[in-house]
Amino acid sequence: MVRRAIFRQKGKMLMVAFTIALGASLATAMLNVMLDVGDKVNQELKTYGANINVVPRGASLLDDLYGVSDGSGVSDKYLQEAELGNIKTIFWAFNIVDFAPYLNTRVKVNSNTDDVKVVGTWFGHHLDLPTGESLDTGVRNMKAWWDTGSGGWLNDGDDGSVMVGRLAAHRYNIALGDTITLRGLNRAETFLVRGIFNAGGDEDGWIYTTLAAAQELAGRPGLVSSVEVSALTTPDNELSRRAGQDPNSLSIKEWETWYCTAYVSAICYQIDEVINDAVSKPIRMVAESEGAILKKTQLLMLLITILSMAGSALGISNLVTTSVMERANEIGLLKAVGAYNGPVTALILTEIIITGIIGGAAGYFAGLGFAQIIGQSVFSQSIDIKPMVIPLVAVLVLLVTLAGSIPSIRLLLSLRPAEVLHGR
C-alpha cells in the first residue's frame, strides 16, 4: 500500500522530496560552514594585524601605573631576541599564525635637527624553532594591507636599506632610490631607500629597516622593544574575562578549562611563561572585534538554517494536506472497513518519512557542494566536512517532516467515512 501510494502520487511526492532536499541542503551547507567558520574568519582577520602585544614587564608597569609613555615607542626596557622562538612552543603553538619583533630608536635624518622614529623588524624571517620545526614570519604577512608601491618589501638580509613612510618621505624630501644618513646616539649609518610605503596610520611618519640594522644603529644587539603576535583565538566569555583579571582567582577545574581553551587571555598567559620579564596584552579593539564578528556570522548562519527548515515545513504541510484531501475517499473506505485512526495515520506518516529520507539524503550531498562553493567564494578555501552534521541534519529532517505533517494528520483524523463516501 505504501509503495503504490508513493508511485501513484509520484508528482506530489517528488515535490515533497524536493522541498525537504532544499531545506536539508541549506541546513547542511550552513551547519558545515558555521562549525568551520571560526578558523576561516580568524584567518581572514589576521590579514589586518596582530591581536596580542608583548612588551617588557618594566615598561608595561610604568605605562600602566603612571602613563609615562611619551608616544615615541622608545624604552630602556627590552626583550631578548633569542627567546622569541619560544612563542611557538606554548600549548596553543598551532594557533600562533605570525609574530614580528620591533626595536624602536630615534635618529636624525641627513642634516635635519628633528628626530624621526626608526623601527627595526623582521620582514620575512626564517626561524628554526626549539621543537625542530621551522617558521617564516614577519611584517610582510602581518601588514599585508600596506601599499609598498614600486619598491616592494625589504628582505631580512637588506641591512643597508630602509623603507620610508610617505609622510616622512614628504617631510624630509626623500625619494625612492635615494641614499640617506641616519644619525643615532652612538653612530651614523648610510642607507639606501628601497621603498616608500603607505600604511594609513602613524607608521607613515616612521622609517623601517631590518632588525639587525636597527640593533646596530641603537647599540642594542640581540634586543627588541616589543613583539606583535597574531593568534587564532576563541571569543571571550565570563571565564576568560575573570582569568584575564586574575588567573589565581579560578578554581583548579576552571583554570584547566581556561588554560586549555584558545582564549586570548590564555595565550597571553602562556607567552608570558616562555618569555622572560614579558607582559602580553590583548589588543582589545582587534580581539573583541574578532569575537563579535564571529558570533554574528554564526548567528546569521543559524538563522538561515532555522528559516530554511521552517520554509520546508510549510511547503510539506501544504503538499501533504492537499494529498490527504485528494485521498479522502480512500481514507474513508479504509476507516469504513475497520481501520482505526492510528494505523491510517501511520500509513500516511510512513509514506512521508520515506519520501523525507530520500529528499534528506539528496539534500545532504547537495549541501556539501554548496558548502564548498561558499568556502571558495568567501574564504578561497575548502570547508572541512563535519561528521556531526549528519545526525543533526537527520534529526532536523525528521522534525520538519513530522511538523509539516501535523495539519494533514489533523485533517485525516477529522474525516468521517459516511460523510466522505457520500460525497459531503
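What counts, and at which threshold
Residues numbered from 1 in each chain as written. Predicted model: local features only at pLDDT ≥ 70, side-chain atom pairs only at ≥ 80, totals over all residues. Heavy atoms only, no water. Phe/Tyr/Trp six-rings, centres within 6.5 Å; stacked < 30°, edge-to-face > 60°. Helix = DSSP H or I, 4+ residues; strand = E, 2+ residues; numbered from the N terminus. Buried < 20%, exposed > 50% of the residue type's maximum accessible area, 1.4 Å probe, protein only. Expected span 1.5 Å × (residues − 1). Bend = angle between axes of the 7 residues up to and from the residue. Salt bridge = Lys/Arg side-chain N within 4 Å of Asp/Glu carboxyl O. Patch = residues over 30% accessible without salt bridge, like charges linked within 9 Å, V, L, I, M, F, W, Y side chains within 5 Å. Areas by Shrake-Rupley, 256 points an atom, 1.4 Å probe, with all protein chains shown as cover. Axes fitted to C-alpha atoms, helices over the stretch in contact; angles between N-to-C directions. Parallel < 35°, antiparallel > 145°, perpendicular 65-115°, else oblique. Contact = heavy atoms within 4.5 Å. Nonpolar A, V, L, I, M, F, W, Y, C, P; charged D, E, K, R; others polar. Polar contact = N/O pair within 3.5 Å; in protein donor to acceptor, adjacent residues only side chain to side chain. Lys, Arg positive; Asp, Glu negative; His and termini not counted.

Caption draft 1: Structural detail: the packing of aromatic side chains. Throughout the structure, instances matching the rule amount to 14 aromatic pairs. Pairing Trp146 with Phe197 gives two aromatic rings, centres 4.6 Å apart and planes at 5°, and the pair type is stacked. Here the residue Trp146 occupies a position in the loop between helix H4 (139–142) and strand E7 (161–165), and Phe197 occupies one in strand E9 (residues 188–197), the gap between them amounting to 51 residues. Take Trp146 and Phe197: they sit in the same class, and that class is buried. Note on Trp146 and Tyr208: the rings are 5.2 Å apart at their centroids and 80° apart in plane angle, and the pair reads as edge-to-face.

Caption draft 2: Molecular detail of helix H13 (residues 389–414). In a regular helix each residue adds 1.5 Å, so 26 residues correspond to 38 Å; H13 covers 38 Å between its end C-alpha atoms and thus fits that length. Bending of H13 peaks at approximately 40° at the position of Ile406, with proline Pro407 no more than four residues after it.

Caption draft 3: A look at the pattern of salt bridges. Applying the stated criterion across every chain yields a total of six salt bridges. Two residues, Arg242 and Glu238, come together in a salt bridge whose shortest N-O distance is 3.7 Å. A residue pair is termed a helical-turn pair when its members lie 3 or 4 positions apart in one helix, as Arg242 and Glu238 do in helix H7 (residues 238–245) at four residues. Judged by relative accessible area, Arg242 falls into the partly exposed class, the value being 25%. A residue is classified by how much of its surface remains accessible, and Glu238, at 48% relative accessible area, is partly exposed. When the shortest N-O distance is used, the salt bridge between Glu254 and Arg242 registers 3.1 Å. Note that Glu254 is positioned in helix H8 (residues 252–259) and Arg242 in helix H7, a separation of twelve residues in sequence.

Caption draft 4: View of a nonpolar patch on the surface. A cluster of nonpolar residues, Met15, Phe18, Leu22 and Leu26, forms a patch on the protein surface that exposes about 370 Å² of accessible area. Relative to the helices and strands, Leu26 is located in helix H2 (residues 10–46).

Caption draft 5: Highlighting the packing of H8 against helix H9 (residues 264–274). At a minimum axis separation of 9 Å, H8 and H9 run at an interaxial angle of 90°. Relative to H9, H8 is oriented roughly perpendicular. Counted together, Trp255, Trp258 and Tyr259 of H8 and Ser265, Ala266, Tyr269, Gln270 and Glu273 of H9 form the full contact between these two elements. Counted by class, the contact of H8 with H9 contains five nonpolar, two polar and one charged residues.

Caption draft 6: Seen up close, the environment of Tyr78. Within the element layout of this structure, Tyr78 appears in the loop between helix H3 (57–66) and strand E2 (79–80). C-alpha separation for the pair Tyr78 and Arg57, spaced 21 residues apart in sequence, amounts to 8.8 Å. Contacts of Tyr78, omitting those with residues within four sequence positions, involve Pro56, Leu103, Arg220, Leu223, Val224 and Ser225. At 3.4 Å, the side chain of Tyr78 forms a polar contact with the side chain of Arg220.

Caption draft 7: Up close: the packing of H7 against H8. H8 packs onto H7 with a crossing angle of 100° between their chain directions and a minimal axis gap of 10 Å. In terms of axis orientation, H7 runs roughly perpendicular to H8. Along the contact surface, H7 presents Leu239, Ser240, Arg242 and Ala243, while H8 presents Glu254, Thr257 and Trp258.

Caption draft 8: Representation of the environment of Leu307. For Leu307, the location among the structural elements is in helix H10 (residues 284–326). Residue classification places Leu307 among the exposed positions, given a relative accessible area of 62%.

Caption draft 9: A look at unusual backbone geometry. Here the phi dihedral of Asn110 falls at roughly 50°; this positive angle occurs in a residue that is not glycine. The topology assignment puts Asn110 in the loop between strand E3 (96–109) and strand E4 (115–121). Residue Asn110 is classed as partly exposed on the basis of its relative accessible area of 29%. Positive phi outside glycine occurs at Asn173, with the angle close to 55°.

Caption draft 10: Expanded view of the side chain of Asp98. Mapping Asp98 onto the fold places it in strand E3. Summary of buried charges: Asp98 has no salt-bridge partner, and the nearest side chain of opposite charge, Lys88, is 8.4 Å away. A polar atom in the side chain of Asp98 sits 3.1 Å from the side chain of Thr137. Not counting the four nearest positions on each side in its chain, Asp98 is found in contact with Asp136, Thr137, Gly138, Asn141, Met142, Glu228, Val229 and Ser230.

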